Amino acid sequence: MRSSFVLLLLSGVISGSAALLPVLARDLEADPVRDALDLALNQPLQDGTASEASVSNELSEPASAAQELPSEPSPAPVKAQPPVPPAPAVVSVSTGEASWYGPGFFGNRTANGEVFRPGTMTAAHRTLPFGTKVRVTNLWNGRSAVVRINDRGPFHGQRVIDLAHGAANQLGLIASGVAKVKLEVLR
């Protein structure tokens, strides 16, 4: 009702015989002024029709508080999820023994010319092309890591891959030095 009253005063539109008096904001807080203006605005017009203020009040305010429905919280806006890239396709699978190399080789160049740094997720393989991604799974503990081939080796026994320090740490084979692994070449 108050918003209708303020809207009515601001627009300067008053129907009927009521006169618009200059009203200050501090005057609106006084109950006698507000009551007098409410009475004047809600009086029926001389021709028997209701004033615009009383009609707008009837339309904007419910007849009773019992008819009001409890307001439900509006649902939070749904953020569009970025599309999930499909899992890389597995080109081939093999198993064998893996080892790791690191501290004595840090700072040296790998077979593809990169500087070998601590903590990298790279590996050496005898035949796979440089840049090939391989998912290596430690069959003893189930941990896996994706490595990038950037070096040649291993050249010891029947080992199939030589992991850099970061990959070996993630697979949990630093302490043992070697582990049985499954290699999945990814596309």
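Let us look at the structure shown here. (Residues numbered from 1 in each chain as written. Predicted model: local features only at pLDDT ≥ 70, side-chain atom pairs only at ≥ 80, totals over all residues. Heavy atoms only, no water.)

Structural notes on the overall build of the chain
What the chain contains, in helices and strands, is five helices and six strands. Starting at the N terminus and ending at the C terminus, the chain contains elements arranged as α-α-α-α-β-β-β-β-β-α-β. When burial is assessed residue by residue, the chain has 27% of its 187 residues classed as buried. Residue pairs at least 24 apart in sequence account for 70% of intrachain contacts in the chain once pairs closer than 6 positions are excluded. As displayed, the chain has an accessible area near 12,500 Å², and 58% of this comes from carbon and sulfur atoms. (Helix = DSSP H or I, 4+ residues; strand = E, 2+ residues; numbered from the N terminus. Buried < 20%, exposed > 50% of the residue type's maximum accessible area, 1.4 Å probe, protein only. Contact = heavy atoms within 4.5 Å. Areas by Shrake-Rupley, 256 points an atom, 1.4 Å probe, with all protein chains shown as cover.)

Here we look at the environment of Gly131
Structurally, Gly131 is set in the loop between strand 2 (122-124) and strand 3 (133-138). Setting aside anything within four residues of it in sequence, one finds Gly131 in contact with Arg148 and Ile149.

Side note on the packing of aromatic side chains
Using the criterion set out here, one finds three aromatic pairs in the structure. Between Tyr101 and Phe105, the aromatic rings sit 5.7 Å apart at their centres with planes inclined by 80°, giving edge-to-face as the arrangement. Arranged with centres 5.5 Å apart and planes meeting at 25°, the rings of Phe106 and Phe116 form a pair that is stacked. Here Phe106, found in the loop between strand 1 (90-100) and strand 2, pairs with Phe116, found in the loop between strand 1 and strand 2; they are 10 residues apart in sequence, far enough to count as distant. Residue Phe106 is classed as partly exposed on the basis of its relative accessible area, which comes to 29%. Members of the aromatic cluster, each reached through a chain of ring pairs, are Tyr101, Phe105, Phe106 and Phe116. Positioned above the aromatic ring of Phe130 is the side chain of Arg152, whose terminal nitrogen or guanidinium carbon lies 4.3 Å from the ring centre. (Phe/Tyr/Trp six-rings, centres within 6.5 Å; stacked < 30°, edge-to-face > 60°. Lys NZ or Arg CZ within 6 Å of the ring centre and 35° of its normal.)

A short note on the pairing of strand 3
The pairing of strand 3 with strand 4 (residues 144-151) spans five bridges and is antiparallel. Bridge pairing in strand 4 links Val134 to Val147. (Pairing = 2+ DSSP bridges.)

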